[in-house]
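# Understanding the architecture of this molecule
These are the residues of each chain, in order.
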Amino acid sequence: MFRTPLLGAQMLLVAFGATTLVPLLTGISPNLALLGAGVGTLIFQLCTKRQIPIYLGSSFAFIGPIILGAQQFGMPATLSGLMAAGVVFLIVSAIVRLRGVQVIERFLPPVVVGPVIMVIGLGLAPVAVNMALGKTGDGAAQLVPQNVALVLSLASLVTTIAISIFAKGMLKLMPIMCGVLVGYALALFYGVVDFSGVEAAAWLAMPEFVHPEFNWQAILFIAPIGLIVTIEHFGDILAISNVTGKNFVEKPGIHRSLMGDGLATMAAASFGGPPVVSYGEVTGAVSLLKTYNPVIMTWTACFAIALAFIGKTGALLLSIPVPVMGGIMCLLFGAIASVGLKTLIDKQVDINEPRNLVIVSVTLVFGIGGMVLQWGDFSLQGVGLCGIVAILLNQVLPQAKHD
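In what follows, the accompanying structure is described. Small disclaimer: the values here were computed from a predicted structure and weren't measured. (Residues numbered from 1 in each chain as written. Predicted model: local features only at pLDDT ≥ 70, side-chain atom pairs only at ≥ 80, totals over all residues. Heavy atoms only, no water.)

## What to know about the side chain of Ser 93
Structurally, Ser 93 can be placed in helix α4 (residues 75–99). A relative accessible area of 7% places Ser 93 in the buried class. Once you skip the residues sitting within four places of it in the chain, Ser 93 turns out to touch His 255, Leu 258 and Met 259. (Helix = DSSP H or I, 4+ residues; strand = E, 2+ residues; numbered from the N terminus. Buried < 20%, exposed > 50% of the residue type's maximum accessible area, 1.4 Å probe, protein only. Contact = heavy atoms within 4.5 Å.)

## Let's talk about the packing of aromatic side chains
Applying the stated criterion across every chain, the model contains 6 aromatic pairs. Here the aromatic rings of Phe 189 and Tyr 190 are separated by 5.5 Å at their centres, their planes lie at 85 degrees, and the arrangement is edge-to-face. Owing to a relative accessible area of 66%, Phe 189 belongs among the exposed residues under this scheme. Over the aromatic face of Trp 203 sits the side chain of Lys 312, whose NZ or CZ is 5.4 Å from the ring centroid. (Phe/Tyr/Trp six-rings, centres within 6.5 Å; stacked < 30°, edge-to-face > 60°. Lys NZ or Arg CZ within 6 Å of the ring centre and 35° of its normal.)

## A word on the packing of helix α1 (residues 3–26) against helix α15 (residues 295–308)
One can describe the packing of α1 onto α15 by two numbers: an axis separation of 7 Å at closest approach and a directional angle of 60 degrees. The hand of the α1/α15 crossing is right-handed. Of α15, the residues touching α1 (which contributes Thr 4, Pro 5, Leu 7, Gly 8, Ala 9, Met 11, Leu 12 and Phe 16) are Val 295, Ile 296, Met 297, Trp 299, Thr 300, Phe 303, Ala 304 and Leu 307. Broken down by class, the residue content of the contact of α1 with α15 amounts to 13 nonpolar, 3 polar and no charged. (Axes fitted to C-alpha atoms, helices over the stretch in contact; angles between N-to-C directions. Left-handed = near helix turned anticlockwise from the far one by under 90°. Nonpolar A, V, L, I, M, F, W, Y, C, P; charged D, E, K, R; others polar.)

## Describing the nonpolar core
Counting 116 residues, the largest nonpolar core has Tyr 55, Phe 60, Phe 62, Ile 63 and Phe 333 as its most contacted members. The leading source of residues in this core is α1, at 11 residues. Setting aside chain neighbours within four positions, we find Phe 60 in contact with Ala 18, Leu 21, Val 22, Ile 176, Tyr 279, Leu 332 and Ile 336. (Core = buried A, V, L, I, M, F, W, Y, C linked by side-chain atoms within 4.5 Å.)

## Examining the environment of Ile 163
For Ile 163, the position within the fold is in helix α8 (residues 146–166). With near-sequence residues (within four places) excluded, Ile 163 lies in contact with Leu 171, Lys 172, Met 174, Pro 175 and Cys 178.

## Observations regarding unusual backbone geometry
In the segment running from Lys 251 into Pro 252, the intervening peptide bond is cis, with an omega of 10 degrees. Along the chain, Pro 252 turns up in helix α13 (residues 249–270). Positive phi outside glycine occurs at Lys 49, with the angle close to 60 degrees. Its place among the elements puts Lys 49 in the loop between α2 (30–47) and β1 (56–58). Judged by its relative accessible area of 52%, Lys 49 is exposed. Positioned with a positive phi, Arg 50 is a non-glycine residue whose angle comes to about 45 degrees.

## With respect to the pattern of salt bridges
Here the structure, examined in full by the defined rule, presents 1 salt bridge. For Asp 346, the salt bridge goes to Lys 342, with nearest N and O atoms at 2.5 Å. Taken as a pair, Asp 346 and Lys 342 lie in helix α17 (residues 322–346) at a separation of 4 residues, close to a single helical turn. (Salt bridge = Lys/Arg side-chain N within 4 Å of Asp/Glu carboxyl O.)

Have a look at this one:
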């Protein structure tokens, strides 16, 4: 009787660290992230007829765009861009249903996807280093003494790496949470944790909702990320299909899962949460525990929603010192860039081919160098610019003869 709810709670424990890490890095309320993940998972289950055992959590691919978007346009405008990314999912869903998966592969081959993913990670490397040194993300202010910050950030980083490589069983699925716990414990020892926010927070409280404000610049800056994340979505659906031995691409259909992910992202962004995406950590737990019942994810979603209304949850998470998160970010952002590199390697993209060299090179330099295209008050930059440039170059440049 209690087995399914308990498994649901365990799945939330596996996903908790990553779900709350994104808001901690981007300035979004952790409670809103939990609420968005819970509501998004329920929407996904509705769209897929509750056939796929997947939990949707905060998407790492949007960390960079959210940080930069909030700095340039403000959070309400950034949320409109995140909702637009959800619309992109819906458009891709419709195209896949009408024309098949092949049409997406034509516009988003590995030579386009790889370098854009690398830009997402490498573009934020300075933010990670500044935070690891105890500074604000832009390096403008020193929040924690640098000698203490280095101890905290290195402890968090080393713990996360060690758990990822050496741990066994369920513990191996929670490296981020372990890294945060070790760093937090050391921060308590050094006396750099501020509990005033936790003491002031109510036990039960409504999350502080933030509503989107329409902004074309923010939309064009962020929406192209939706195209890139659809590739991640395909991989996640194939992964859970392999784990369960069922072909979810055919039934209930990849177009349904894309629609569910898009609507879930729009719903989360509509009240101030980050975009959501299917979580590999939870898929790993499903494989480890051999628990394929989608009802488990329904319980996981319900627990996440309940936790979102406990005020002290978000306050406690926000008390984590900056260097602790900075140490983990040094690994996280590098890992994102490595995924892009792996995409190029796995798909055997020939960089000696001038066409491929041009696409990868221009995309990387534009993204990491901070290229900006300006027309009056309108500007396009960052990952949004890189995605558009990579797609256009891929369509315009002639294919090699052997292709």
